[in-house]
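# Reading the structure
Read off the chains here:
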Amino acid sequence: MMLKQAAKKALGLTSRQSTPWPVGISRFYHENVIDHYDNPRNVGSFDKNDPNVGTGLVGAPACGDVMKLQIKVDDKTGQIVDARFKTFGCGSAIASSSVATEWVKGKAMEDVLTIKNTEIAKHLSLPPVKLHCSMLAEDAIKAAVKDYKEKRLKTNDATAAGETAHA
């Protein structure tokens, strides 16, 4: 690695920027957007078939952003113990997903349903043209909670059906 850097320096080459924006453009994005884009938190996924995992998959056809947000819930306490995301989209969509996963961890499911896109947008200082990104994050949270609840209902129904069959 050091040899590669030394060779670039000797040849007068600079390393590529970590952000997709040319120099000067990043000033239009708040430092929180750039931070969550450059260093996204909780990227990845869980097994969608795990009964303790809720998956929210949402998209915005107008801009092409697609967001998958997953929550892992402690079935005894109902508390979200972990969260992951994968997002295909712009820097603001990635930053919104990253913030959403940070904000849901450690909270009860009912509490995360109160997270509003306006709070995410304010935290990231999103410009009006990027507000749809925070809306996707809010929708993804709601979809993940809904998916988890539906899975638990099916699991409980299957368990109850099995118990009555053995009785």
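Residues numbered from 1 in each chain as written. Predicted model: local features only at pLDDT ≥ 70, side-chain atom pairs only at ≥ 80, totals over all residues. Heavy atoms only, no water.

Formally: UniProt positions are given in the numbering used here, feature names are shortened, and annotations may be inferred rather than shown by experiment.
Per an unreviewed UniProt entry, the protein goes by the name Iron-sulfur cluster assembly protein and belongs to Cardamine amara subsp. amara. Quoted verbatim from the Sequence similarities (unreviewed entry) field of UniProt, the annotation for the protein is "Belongs to the NifU family." Heading Pathway (unreviewed entry) of the UniProt record for the protein holds this comment: "Cofactor biosynthesis; iron-sulfur cluster biosynthesis."

### A closer look at helix H5 (residues 117–124)
Because each turn of an α-helix spans 3.6 residues, side chains separated by three or four positions end up pointing in the same direction. Formally: Here's how the labels work: a residue is buried when its accessible area is under 20% of the maximum for its type, exposed when over 50%, partly exposed in between, all with a 1.4 Å probe on protein chains only. Secondary structure follows DSSP: runs of H or I at least 4 residues long count as helices, runs of E at least 2 residues long count as strands, and numbering of each begins at the N terminus. This arc is taken over the directions from the axis of the helix to the C-beta atoms.
Inspection of H5 places Asn117, Ile120, Ala121 and Leu124 among the buried residues, and these make up the whole buried set. Summarising the axial view, the buried residues of H5 lie within an arc of 100°, below the 170-degree limit, and thus occupy one face. Among the exposed residues of H5, those pointing more than 90 degrees away from its buried face are Thr118 and Lys122. In the stretch just after H5, serine 125 is the one whose phi turns positive, near 50°.

### Comments concerning the packing of helix H2 (residues 31–38) against helix H3 (residues 91–104)
Note the cut-off: Lines are fitted to the C-alpha atoms to define the axes, a helix being fitted only along its stretch in contact, and any angle between axes, read from their N-to-C directions, falls within 0 to 180 degrees. Roughly parallel covers angles under 35 degrees, roughly antiparallel covers those over 145, roughly perpendicular covers 65 to 115, and oblique covers all other angles. A contact between two residues is defined here by any heavy atoms of the two lying within 4.5 Å. Under the convention adopted here, Pro, Cys and the residues Ala, Val, Leu, Ile, Met, Phe, Trp and Tyr are nonpolar, Asp, Glu, Lys and Arg are charged, and Gly plus all remaining residues are polar.
One way to put it is that H2 packs onto H3 with a least axis distance of 8 Å and a crossing angle of 80°. By the angle between their directions, the pair H2 and H3 is classed as roughly perpendicular. On H3, the residues touching Val33, His36 and Tyr37 of H2 are Gly91, Ser92, Ile94, Ala95, Ser98 and Val99. Partitioned by chemical class, the residues of the contact of H2 with H3 number 5 nonpolar, 4 polar and no charged.

### A closer look at the nonpolar core
For clarity, the cut-off: The criterion is simple. A nonpolar core is a set of buried Ala, Val, Leu, Ile, Met, Phe, Trp, Tyr and Cys residues joined through side-chain atoms within 4.5 Å.
Of all hydrophobic cores here, the largest spans 29 residues; its most connected members are Ile71 and Val104. At the level of secondary structure, the elements contributing two or more residues to this core comprise H2, strand E1 (53–60), strand E2 (65–73), strand E3 (80–88), H3, helix H4 (109–112), H5 and helix H6 (131–166). Here this core takes 7 residues from H6, the largest share from any one element. If sequence neighbours within four positions are ignored, valine 104 has contacts with Ile71, Ile80, Ala83, Val112, Ile115 and Ile141.

### What about H3?
Counted only if it meets this: In this analysis, the expected span of each helix is defined as 1.5 Å times one less than the number of residues it contains.
The first and last C-alpha atoms of H3 sit 20 Å apart over 14 residues, in line with the 20 Å expected at 1.5 Å per residue. For H3, a buried count of 12 out of 14 residues is recorded, marking the element as mostly surrounded by other parts of the structure. All buried positions along H3 are accounted for by Gly91, Ser92, Ala93, Ile94, Ala95, Ser96, Ser97, Ser98, Val99, Ala100, Thr101 and Val104. Trailing H3 by a residue or two, glycine 106 shows a phi angle of about 85°, which is positive.

### Digging into the sheet that holds E2
Operational definition: Pairing between strands is defined by DSSP: at least two bridges between them are needed.
Taken in spatial order, the 3 strands of this open sheet run E1-E2-E3, and their pairing is antiparallel. Edge positions in the sheet fall to E1 and E3, since each has one partner strand and no second. Strand-to-strand twist in this sheet, taken as the mean axis angle between neighbours without regard to direction, amounts to 15°. Taken together, the 8 bridges between E2 and E3 define a ladder with antiparallel strand orientation. Each residue of the ladder has a partner; that of lysine 68, found in E3, is lysine 86. On the sheet, H3 packs against E2 and E3 and is oriented at approximately 175° with respect to E3.

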